[in-house]
Amino acid sequence: GIALLLTLSAVMATACGSLIFGSLNVVAIGFCSILFGLGDDFSLLICQRYYQAAAGGLDRRAALVEALSKAGPGILWVALTTAAGFLALCFAGSPGFRQLGALVAIGVVLATLIMLAALPLFLRGKMHGAVNDSGFLRYAEFCLRSPGRLFAAGGILSLVVIVLAVSAWRPIHFDLTPASLEPTRTPAARALALMMSKFPDSFEPVIAVIKDPTPAKLRQLDVALEKIKTEELATSFSSPTPLVLDPETMAKNRDFLKSAGITQAVMAFEAQLEKLGLEPRRFEPTRALLQELQEPAPRDEWGDFLSKKSPWWFLTDRMVAPGGQLAAAQIRTPPGITVDQRLQLSKILNSVPGVAVTGWSQTLASLVPWARNELLTFGSLVMGIIAVILFFVYRDARQWALHLFATAASLALAATLLKIFHVRINILNVLALPLILGVGVDYGTHIILAVKESGRDALGSVLKPVLISGLTTVCGFGALVFAANPALSGLGAVCAVGVASCLVMAFFVVAPGACLITRLAAGNRAR
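Let me sum up the structure you'll find in this document.

1. Considerations on the packing of helix α16 (residues 360–394) against helix α18 (residues 432–453)
Remark: α16 packs on α18, axes separated minimally by 10 Å, with the N-to-C direction vectors making an angle of 15°. When the interaxial angle is binned, α16 and α18 end up roughly parallel. As α16 packs across α18, the resulting crossing turns out to be right-handed. Touching L375, F378, G379, V382, M383, I386, L390, V393 and Y394 of α16 are L433, P434, L437, G438, V441, G444, T445, I448, L449 and K452, all from α18.

Below, the structure is given as structure tokens:
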């Protein structure tokens, strides 16, 4: 039943996405694995609550009422925070990530409604072994009996990972090379790698494209090219200036030919051939050239001058577009050029009117400021939305502060693990932050709401489904690691590490912390 309902949710979300976007990006297609990892959270909680109530002696109807009334509110709040986290991606500059955010948000909402409405159809009978799990009950009992000791250990762990995360020890590796976003296992990727190995000097140039290349613009471009070489931002460059046909100069040349006496030259040429007794047919190309100079035809681009076998075709096509509306300068950068140096190079070239700077590595470098802005914007936006929702859910400043502290510790643990295992993050993986926030807060929410019910059974009933849900979500994101698209693969790896970190902090910080807050509140009420 769970598999059927999750599949239905995915199909409906895909249909909604097709209606909204028309076509789906390859990045967005990976949402199904994420949705399956998230959607089963709701079903496991409902099932666990139902079997617990059934094992307690309630009939099917009463057990369903008990399960939905206890698990339903938490599921709805969790769906809201998760959808908010993914909807933040709708403001991303990448169309693929905008679609991914919208599809997962729609899918999570649909999965929530479908599970609450249709899963009871599949719930029947009792399953005693699924409820009386002594390990989870013992842990719940330990949290309730000695929350201070366990919370102190979790707090120390949190502080340690926060220090490691913000310290300069083993900085996180950001991979800005083109290979970080290029598929590696497709035939096209293998062909490209072979070409780059055979012709290394033909790849990775910086290209300055100038629109409507007038002589004045070309002179400015040449000055800028000399400047970037002087500042050691480039090792060499090829300017298009000598290859751009100037209409004014061509018009002056035509006027000169009309007044140059080509007719007299033709007559002198014919007379000299006859005088020397040379064979005329051997000089047909020369005679044709003189005839053409006598009545020059209009020529606007290099194709009008070059023969089909000319080796100059490659150079002119590389530097000047047909029609002369665009020209391109090829720039070689020094090995090890930094992102800041690339941005400075672009700034100098963009000072020339009509110039656009491109190139694969250069474009990646220009994405760094964008990624930093996206990280700050989306991280702040998602965290703000989640903080407001959680405060409204708990209505208790201590529980709210506990959950926010655990979330910060989760992100710190994820950053520390990325450092320890030398995981390289490409430029698009920074968008994993709102996904981790949107998904990771779910586990703490379920635990805190269960603790507020009080009693060992309430907490023990959510620990097992929370653990299973977290593991399946990690698997859902982890499945993306095997994607051929490196952006999607890296997103899956970072999100899997982040969600696993949130799961650890939910058990070792949120659970004992919530029990400690409840005990302190009970003591205050008794006094």
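Here the narrative resumes, following the displayed structure.
2. A short note on the sheet that holds strand β4 (residues 326–332)
If you trace the four strands from one edge of the open sheet to the other, you get β3-β4-β2-β5, paired in antiparallel fashion. Here the strands that pair on one side only, and so sit at the sheet edges, are β3 (236–238) and β5 (355–358). Shown here is a sheet whose adjacent strand axes are inclined to one another by a mean of 20°, direction ignored. Examined bridge by bridge, strand β2 (residues 206–211) and β4 share six bridges and lie antiparallel to one another. Bridging from a neighbouring strand, A208 pairs with A329 of β4.

3. Some words on the state of the cysteines
A complete count under the given rule lists zero disulfides for this structure. There is no disulfide at C475, and the cysteine sulfur nearest it, in C495, is 14 Å away. Given a relative accessible area of 54%, C475 falls into the exposed group. Free cysteine C502: the closest other cysteine sulfur is in C495, separated by 10 Å. You can call C502 buried: its relative accessible area is 6%.

4. What about the nonpolar core?
The biggest cluster of nonpolar side chains holds 105 residues, and the ones touching the most others in it are F86, L459 and F477. Per-element tally for this core: the top contributor is helix α20 (residues 486–526), with 18 residues. Setting aside residues no more than four positions away along its own chain, F477 makes contact with I34, F86, V439, G492, C495, A496 and V499. The next biggest cluster of nonpolar side chains, apart from the first, holds 22 residues, and it includes V206, L243, A327 and L345.

5. Section: the packing of helix α4 (residues 60–87) against α16
The geometry of α4 relative to α16 is characterised by a closest axis approach of 9 Å and an angle of 170° between their N-to-C directions. Our classification of the angle between α4 and α16 gives roughly antiparallel. Note on element contacts: α16 touches α4 through V382, I385, I386, I389, F392 and V393, opposite W77, L80, T81, A84 and G85. Counted by class, the contact of α4 with α16 contains nine nonpolar, two polar and no charged residues.

6. A closer look at the pattern of salt bridges
This model, assessed by the stated rule, comprises six salt bridges. For the salt bridge of R287 with E270, the shortest nitrogen-to-oxygen distance reads 2.7 Å. Of the two residues, R287 sits in helix α13 (residues 284–294) while E270 sits in helix α12 (residues 262–276), which places them 17 residues apart along the sequence. Taking the relative accessible area as the measure of exposure, R287 reaches 15% and is therefore buried. Overall, E270 belongs to the partly exposed group, its relative accessible area being 31%. In this structure, E279 engages R282 in a salt bridge whose closest nitrogen and oxygen atoms are separated by 3.3 Å. Classification of R282 by relative accessible area gives exposed; the value is 60%. Counted as one network, the salt bridges with shared partners bring together E270, E284 and R287.

7. Overview of the packing of aromatic side chains
All chains considered together, the criterion is met by six aromatic pairs. Their ring planes at 70° and their centres at 6.3 Å tell us that F269 and F283 sit as a pair that is edge-to-face. Here F283 lies in the loop between α12 and α13 and F269 lies in helix α12, a separation of 14 residues in the sequence. Judged by its relative accessible area of 27%, F283 falls in the partly exposed class.

8. Quick notes on empty space enclosed by the protein
One pass over the full model with this rule turns up one cavity of 30 Å³ or more. Here the largest cavity defines a volume of roughly 60 Å³. Around the largest cavity, the lining residues are H403, A406, T407, S410, G440, V441, G444, C502, M505, A506 and V510. Of all elements in the fold, only α17 (397–420), α18 and α20 reach the threshold of two or more residues within the lining of the largest cavity. Residues belonging to the lining of the largest cavity are distributed by class as follows: six nonpolar, five polar and no charged.

9. Digging into the pairing of β4
With five of seven residues buried, β4 lies mostly within the body of the structure. Both β3 and β4 contribute to a ladder of three bridges, which runs antiparallel. Bridge pairing in β4 places S238 opposite Q330.

10. Here's the deal with the environment of A268
The residue A268 is located in helix α12 in this model. The exposure class assigned to A268 is partly exposed, which follows from its relative accessible area of 46%. Taking the C-alpha atoms as reference points, A268 and L278, ten residues apart in sequence, are found 14 Å from one another.

Criteria and thresholds
Residues numbered from 1 in each chain as written. Predicted model: local features only at pLDDT ≥ 70, side-chain atom pairs only at ≥ 80, totals over all residues. Heavy atoms only, no water. Axes fitted to C-alpha atoms, helices over the stretch in contact; angles between N-to-C directions. Helix = DSSP H or I, 4+ residues; strand = E, 2+ residues; numbered from the N terminus. Parallel < 35°, antiparallel > 145°, perpendicular 65-115°, else oblique. Left-handed = near helix turned anticlockwise from the far one by under 90°. Contact = heavy atoms within 4.5 Å. Pairing = 2+ DSSP bridges. Disulfide = S-S within 2.5 Å. Buried < 20%, exposed > 50% of the residue type's maximum accessible area, 1.4 Å probe, protein only. Core = buried A, V, L, I, M, F, W, Y, C linked by side-chain atoms within 4.5 Å. Nonpolar A, V, L, I, M, F, W, Y, C, P; charged D, E, K, R; others polar. Salt bridge = Lys/Arg side-chain N within 4 Å of Asp/Glu carboxyl O. Phe/Tyr/Trp six-rings, centres within 6.5 Å; stacked < 30°, edge-to-face > 60°. 1 Å grid on protein atoms, 1.4 Å probe; cavity = no way out; pocket = protein on both sides within 12 Å on 5 of 7 lines; lining within 4 Å. Points joined across faces, edges and corners; volume = space filled by probe spheres on them.

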